[in-house]
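Fold and contact review
These are the residues of each chain, in order.
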Amino acid sequence: MSDEPQPQQHGQGWAPREPRAAGTPQRGTGTGSGTGTGSGTGTGTGGKRVRTGWRRYVPTWRMVLGGFLAVALLLVGGFFLGYSLVHIPSANALATQQANVYLYADGSVLARDGEVNRESVSLDRISAKAQHAMLAAEDRDFYTESAIDPQAMIRAAWNTATGKGKQSGSTITQQYVKNYYLRQEQTVTRKVKEFFIAIKLEREQSKDEILEGYLNTSYFGRNAYGIQAAAQAYYGIDAQDLDAPRAAYLAALVNAPSQYDVIAHPENRPAVESRWNYVLDGMVQQDWLSEAERTGLKFPEPKETTTSTGMSGQRGYIVRTVKDHLIRNKILDEEELDTGGHRITTTLHKDKQDAFVDAVNDNLIDRLDPENREVDTYVRAGGAAIDPRSGKVVAMYNGIDYVKQYTPNATRRDYQVGSAFKPFVFASAVENGSTTQSGQPITPNTVYDGTNERTVQGWPGERYAPANEDDRSYGHITVREATDKSVNAVYAQMAADVGSDKVQQTAIALGIPATTPELTASPSIALGVATASALDMAEAYATLANHGEHRAHTLIEKITKDGKKTVPLPERKTRRAVSREAADTTTAVLRGVVQNGTASAAQGAGRPAAGKTGTAEEDRAAWFAGYTPELATVVSVMGQDPVTAAQKELYGAMGLSRINGGGPPAEIWAQFTREALKGEPVSDFDLRLQRGAEHTAPPTASADPSSSTTDDDTSQEPGTDENTNRNPDQDENGTEGGTQDRTDEGTTGDIPTGGGTSDSGTTPAGDTTGATGGSPGSTGNTGNGGTDGANGTDGTGGPPGTGTDTGTDTGRGDQGSQDGLTGFIQQSARRQ
C-alpha cells in the first residue's frame, strides 16, 4: 500500500462509530490472524483473553496478590482490634495466694500455714544458678527474644512429634501470663488472650520482673508453688541457697511436676535424670555453668515427703499463738493474715524450743502410764521462757501435739496459779513501804503468825481465815521462812497489811494482765486464785529478774510482706514497774525457796536461781516459776479430762500421791534451764536489797513438832522425809547459818508462839493483842568448828511464854572464837 494518507471512507477514520450490538465482539484495528474459536487468545491485538478448561481453576497472580493483601489487612486489623480489646487483667486468685511462713530467730523455717504453699521472694533472693537453670529448661533466649516466639512454637511442636519430649512452645513470658493472669484450661480463647497479654506485659514490665513473677508462680509438685516453696519442699533450704544440681532438678520438675518426683515415682527416674542432664547441658551451652563445674555432678536426691499437716507437734500451737499476738497488738489483722505472703521471724530459738520439749518428755510425759492409771490421761503441761533483758519469748511448750490436743497450754487462762503469786505480794509490800498491823516494816525478817486458819486482821470484808497446805500450823515464822514453806496464813495477812488493791496494782505492773480472771482485790489474791497463763507469769517473773524494769513480752522479731515490704512493729518501751530494791529483795527471798524451801529440785539447773512453787485448789494444777539472771521460765502441769475438757485433780498421777510445784514442774524447769543456757557463762544475781534485808534472821520457833505433814508444794513419794532439804539458810557448804531462837538484831530472847512479847519488844506481825504462853523453844543443833555457826550446843529455849533463853552458846565460830549469833550473821552476809 502507498504511504500516502488514504481518504477516509464513510464509517471509517474519524467518522463517528455506530453502536455495536450487545454481545458482538469488538474487532481490533490490526490485521488479526482470524477468528479461531479454539484455545486461541483472541482475534486481534485488542481482544480479551479467555481462560477455559483447567486453567480456569488456577488463581492468577493478581488473585494471589489480592488475596494475600486481603488476609494481611484482616490480620493487621484483627491484631490491632485484639490488642485494643484485650487488657491485662488482675491476677487470678490462685496466683496471689501465699502461705505465711513462720521462722525461728535464726531464720530457719518453723511452720507454714495456708492452703497454698507459696512464698513469693524477690529475684535477688533466688540464686543465679536457680535462675539460669529455669531459663535453660524453659526459655534459653528469654533475655534476647520478644514475648512471642513463633519459631519456638514450631520447634517445640516438632520436638514433641519426633519423640524428643513434650515441650512448650510458649515463652517464659507467655507461661507467666498463663500462671498469673489466666486459668489453665486449654482453649483457643485462652491462647489468644495469652498472646496479647504477653505482648502488652513486655511493654510494661522488665525482663527481670517477668522472670521473678514466673519463678514465684510456677508449680513444682508437693503442693509447692514458686521456687522458694519448692526449695523447702524438696531440699529444706531457701531458694537463695540452691546450687546447680538442685536447681536443675527443680527446673526439670516444671515439665511434669507430679511425675518427676523421684521419691513418689521412682520408676520415672530415667526420664527425670535425662531432663536433669538436658537442663545442665543447656546451662553449659549458655555459659552459665563451666564444663569443669558440670563434670562430675551427681543427681541430688530430694528429701522424703511427709504426710504431716505442717501443724503437728509444737508448730500448730506456735502459729496460733503468734497470730493471736499479731492481732491483739494490732500489728496485722485477720484479713491481712489470710491474704498470706508474710514472712514472720519469731523470737523463738530452735535449740531452746527443742530443749523445752525434751525436758517435758523426760520429766513428765515419759513417766505417765495412761493404760494403767486413768489420772495419767488427764495430765497436760505448759510453759514459757523469756529473756528478762529484752522481753523476747525464746521458747514455749503448749502440749504434746497440736493435732491431738488443740488448746495451747502456755497461753490458756483458766487454771489458778496458786502460791506462785505470793512473790507479787511481798514485792508490793516492799514497793509500798508497807507495815504490819502492829506497825513493823515488812521485810524478809518480819515475823508473822502462821497458824492454820488464822483470821486475817484488818480486812474490812467478810471473815477470811485460809487454811495452810495440809492444815499445818507453823506458829510464828519469818517472811523468809513463810515463803520457803509457802504458808498461806502469812501471805493472806500480808496482803491485807499491804492493801489487796495495791497488791493487784503491783501484779499488773509486773506484767499480769488487768483482765486476768479472778484477779480481785481481796486477801485471797495472795493465794493465787487468779488464773493467769504461764506466759503471763513468765513476763511478771522476768520483770523481777530484770530488777523491776518491765518490758512487755514479744514473739516477733521481724515481718516482711511478699519478700519486699517490711511490716512496722510497735515501739517497745521499758518502764519501771517496781523499785529495784523491791524486785531484788523479792529475788533474795525467792533464792531461799530454791536453796532451802519447796523448790530444791530447781537446784538441778546448776546455776544461781530464784523461784516459787504453786499448787492450785484441789491439786488441779502445779506450778514452778523461776529465773536465773539470764532466763525467766514458768512451767505448769494441769489436769484436764480429754473428753469433756473439765479440770481434774492430779492425785495419784505418775504414781505419786500428789503433783506439787516442787515435783515435775521444778524438775522440768531445772533440765530446761540447764540445757537452754548450756555454754553461757554462769552469772550471779546483782542485788540491791531493802534496808534491813542484808542479814537473814535465824529461824523462829516452829509449831508443834507433831505437825509433820507435807509442806505446801513438795511432791513426795510415800514415806519420804518431809524435812529433807528444809534446813533454813544453809550456806554453800550445806551447813546451817547459826542458832535458833534469835532475832536479826541480836536479841537472845525467844519469840513466844502464842503472841506474847519477846524481850526485844517485838510483836508478831498481824497480831493486835499479845497473849501469854507458847511452845518451848526447840533445842538447837550441835555443831563442830563452825558447822552450825558455833562450836558447841545451842541453848534450849525457855519455858512457855517467858521469852527468855536459858541456854548459852560456847565454842568457836567459823572464823574464830565467837558466839553462835555472830557466826550466823557473818555466814549470812557471805551468802548475800
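Shown above is the structure to which this text applies.
Throughout what follows, the structure given in this document is the object of discussion.

What counts and how
Residues numbered from 1 in each chain as written. Predicted model: local features only at pLDDT ≥ 70, side-chain atom pairs only at ≥ 80, totals over all residues. Heavy atoms only, no water. Salt bridge = Lys/Arg side-chain N within 4 Å of Asp/Glu carboxyl O. Buried < 20%, exposed > 50% of the residue type's maximum accessible area, 1.4 Å probe, protein only. Helix = DSSP H or I, 4+ residues; strand = E, 2+ residues; numbered from the N terminus. Core = buried A, V, L, I, M, F, W, Y, C linked by side-chain atoms within 4.5 Å. Contact = heavy atoms within 4.5 Å. Pairing = 2+ DSSP bridges. Axes fitted to C-alpha atoms, helices over the stretch in contact; angles between N-to-C directions. Polar contact = N/O pair within 3.5 Å; in protein donor to acceptor, adjacent residues only side chain to side chain.

Okay, the pattern of salt bridges next. Tallying each qualifying case throughout the model produces 32 salt bridges. Put simply, Arg246 and Asp243 hold a salt bridge, and the shortest N to O gap is 2.8 Å. You can call Arg246 partly exposed: its relative accessible area is 30%. We note a salt bridge from Lys350 to Asp354, for which the minimum N-O separation is 3.0 Å. One end of the pair is Lys350 and the other is Asp354, both in helix H14 (residues 350–363) and four residues apart, which spans about a single turn. Several salt bridges converge on common partners, so that one network encompasses Arg112, Glu119, Arg125, Asp238 and Arg343.

With that out of the way, let us pick up the nonpolar core. By size, the foremost hydrophobic cluster in this structure holds 124 residues, and its most contacted members are Phe424, Met494 and Met537. The biggest single contributor to this core is helix H19 (residues 534–545), with nine residues. Non-local contacts of Met494, meaning those with residues more than four positions away in its chain, are made with Val425, Phe426, Ala429, Ile442, Tyr448 and Val479. Of all hydrophobic cores here, the second largest spans 50 residues; its members include Phe142, Ala229, Leu250 and Leu253.

The sheet built from five strands is open, its strands ordered S7-S6-S16-S15-S14 with antiparallel pairing. The sheet is open, and its two borders are formed by strand S7 (393–397) and strand S14 (610–615), each paired with just one other strand. Within the sheet, the average angular offset between the axes of one strand and its neighbour, ignoring direction, is 5 degrees. Set on the sheet, H19 makes contact with strand S6 (379–386), S7, S14, strand S15 (621–627) and strand S16 (632–639); between it and S6 the angle comes to about 35 degrees.

Attention shifts here to the pairing of S7. Side-chain direction in a regular strand flips from residue to residue, so the side chains alternate between the two faces of the sheet. Most of S7 is tucked away: five of the five residues are buried. Across four bridges, S6 lies against S7 in antiparallel orientation. Within S7, the residue paired with Ala385 across the bridge is Ala395. Where S6 folds back onto S7 in an antiparallel hairpin, the turn is made up of six residues, including Gly391, whose phi is positive at roughly 80 degrees.

Further remarks concern the sheet that holds strand S2 (residues 109–113). The strand order S2-S1-S5-S11-S12 describes an open sheet built from five strands, whose pairing is mixed. At either margin of the open sheet sits one strand with a lone partner, and together these are S2 and strand S12 (565–566). As defined by bridge partners, strand S1 (residues 100–103) adjoins S2 across four bridges and the pair is classed as antiparallel. Bridging from a neighbouring strand, Val101 pairs with Arg112 of S2.

Here we come to the side chain of Glu630. Positionally, Glu630 belongs in the loop between S15 and S16. Looking at Glu630, its side chain comes within polar contact range of the side chain of Thr628, at 2.9 Å. In this structure the side chain of Glu630 is engaged in a polar contact, spanning 2.4 Å, whose partner is the side chain of Ser683. Apart from residues no more than four positions distant in its own chain, Glu630 is found in contact with Asp387, Pro388, Arg389, Arg607, Leu677, Glu680, Pro681 and Ser683.

Here we come to the pairing of S1. The two faces of S1 match: Asn100 and Tyr102 on one face and Val101 and Leu103 on the other face are all buried. Linking two consecutive strands that pair antiparallel, namely S1 and S2, is a turn of five residues; a positive phi of about 95 degrees is found at Gly107 within it. As defined by bridge partners, S1 adjoins strand S5 (residues 342–346) across three bridges and the pair is classed as parallel. Note on S5: the bridge partner recorded for Tyr102 is Ile344.

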